[in-house]
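Listed here are the chains, written in short residue letters.
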Amino acid sequence: MSYEEYINLLNDIKTFDTNLEKLEILKKTPVNPNIKELLIPKIIDLIKYKLQKTISKIKDHLDELFDDINYLDLSLVNFKKETNYIIDLIDNPIINEKDQEELLKMVYNDTDKVYDILIKEADNIDRNGTISIVIKNNRIKWRQ
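This is a predicted model, so every value here is computed, not measured. (Residues numbered from 1 in each chain as written. Predicted model: local features only at pLDDT ≥ 70, side-chain atom pairs only at ≥ 80, totals over all residues. Heavy atoms only, no water.)

Notes on the nonpolar core
Ranked by internal contacts, the top residues of the largest apolar core, which has 40 residues, are Leu26, Ile43, Ile47 and Ile135. Mapped onto this core, the elements with two or more residues apiece are helix H1 (3-15), helix H2 (20-28), helix H3 (33-59), helix H4 (62-67), helix H5 (69-90), helix H6 (97-125) and helix H7 (130-137). At 10 residues, H3 tops the list of elements feeding residues into this core. (Core = buried A, V, L, I, M, F, W, Y, C linked by side-chain atoms within 4.5 Å. Buried < 20%, exposed > 50% of the residue type's maximum accessible area, 1.4 Å probe, protein only. Helix = DSSP H or I, 4+ residues; strand = E, 2+ residues; numbered from the N terminus.)

This is the structure:
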C-alpha cells in the first residue's frame, strides 16, 4: 500500500468505532520500510484519539448512566468493546514493541481510572450497591 492508502485507512478507522475489516487490513498488509517511520506517529495519534473519544462517551453522559441502569450496562459493554478494539489496534507490526508497551500501559491506566471514578460515584449515589455491581461486572479483565 502507498502512504496515501495508509492515511485513508487510518482515517476510516478513526471515523468508525470498531471497524474490524479495516483493522485486519492494517495488521495484515506488509509495510513498506520507506513509509513505516511516517506511519508510526499517525497510528499513535489515532490510538490516543480513539481512547479519548471512548472515555469521553462515558464521561459526557454520567448523569444518564446513573439514571438508567440498562443504559449504564449498554454503555459499559460498548466501552469494553471499543477499548479492546484500541488494544487490538496497538498490536500491529508497524508500531515497535517499546511503543506498544507504553500505549498499552496508557490504555490500562486511563481505563482503570474511568472504572474507579464510576465506582466511586456509584457508591455515593446508590447506597445498596446495585450500580456498583453493574460497573464491576462489566469491568475489563486485563490479559497482561
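Having put the structure on the table, let's press on.
Points about the packing of aromatic side chains
Tallying each qualifying case throughout the model produces 1 aromatic pair. Both rings, one in phenylalanine 79 and one in tyrosine 115, keep their centres 5.5 Å apart while their planes meet at 80°; by these two values the pair is edge-to-face. Separated by 36 residues along the polypeptide, phenylalanine 79 in helix H5 and tyrosine 115 in helix H6 bring together distant segments of the chain. Like tyrosine 115, phenylalanine 79 is buried. Just above the ring of tyrosine 49 sits the side chain of lysine 14; from NZ or CZ to the centre is 4.5 Å. (Phe/Tyr/Trp six-rings, centres within 6.5 Å; stacked < 30°, edge-to-face > 60°. Lys NZ or Arg CZ within 6 Å of the ring centre and 35° of its normal.)

Some points on empty space enclosed by the protein
All told, the structure shown has 1 cavity of 30 Å³ or more when counted by the stated rule. For the largest cavity, the full set of lining residues is Asp17, Lys50, Lys53, Thr54, Lys57, Glu82 and Ile86. Put simply, the parts of the chain that give the lining of the largest cavity at least two residues each are H3 and H5. For the lining of the largest cavity, the element with the most residues is H3, which contributes 4 residues. Taken together, the residues of the lining of the largest cavity sort by class into 1 nonpolar, 1 polar and 5 charged. (1 Å grid on protein atoms, 1.4 Å probe; cavity = no way out; pocket = protein on both sides within 12 Å on 5 of 7 lines; lining within 4 Å. Points joined across faces, edges and corners; volume = space filled by probe spheres on them. Nonpolar A, V, L, I, M, F, W, Y, C, P; charged D, E, K, R; others polar.)

The quantities given are spatial measurements derived from coordinates; they are silent on function.
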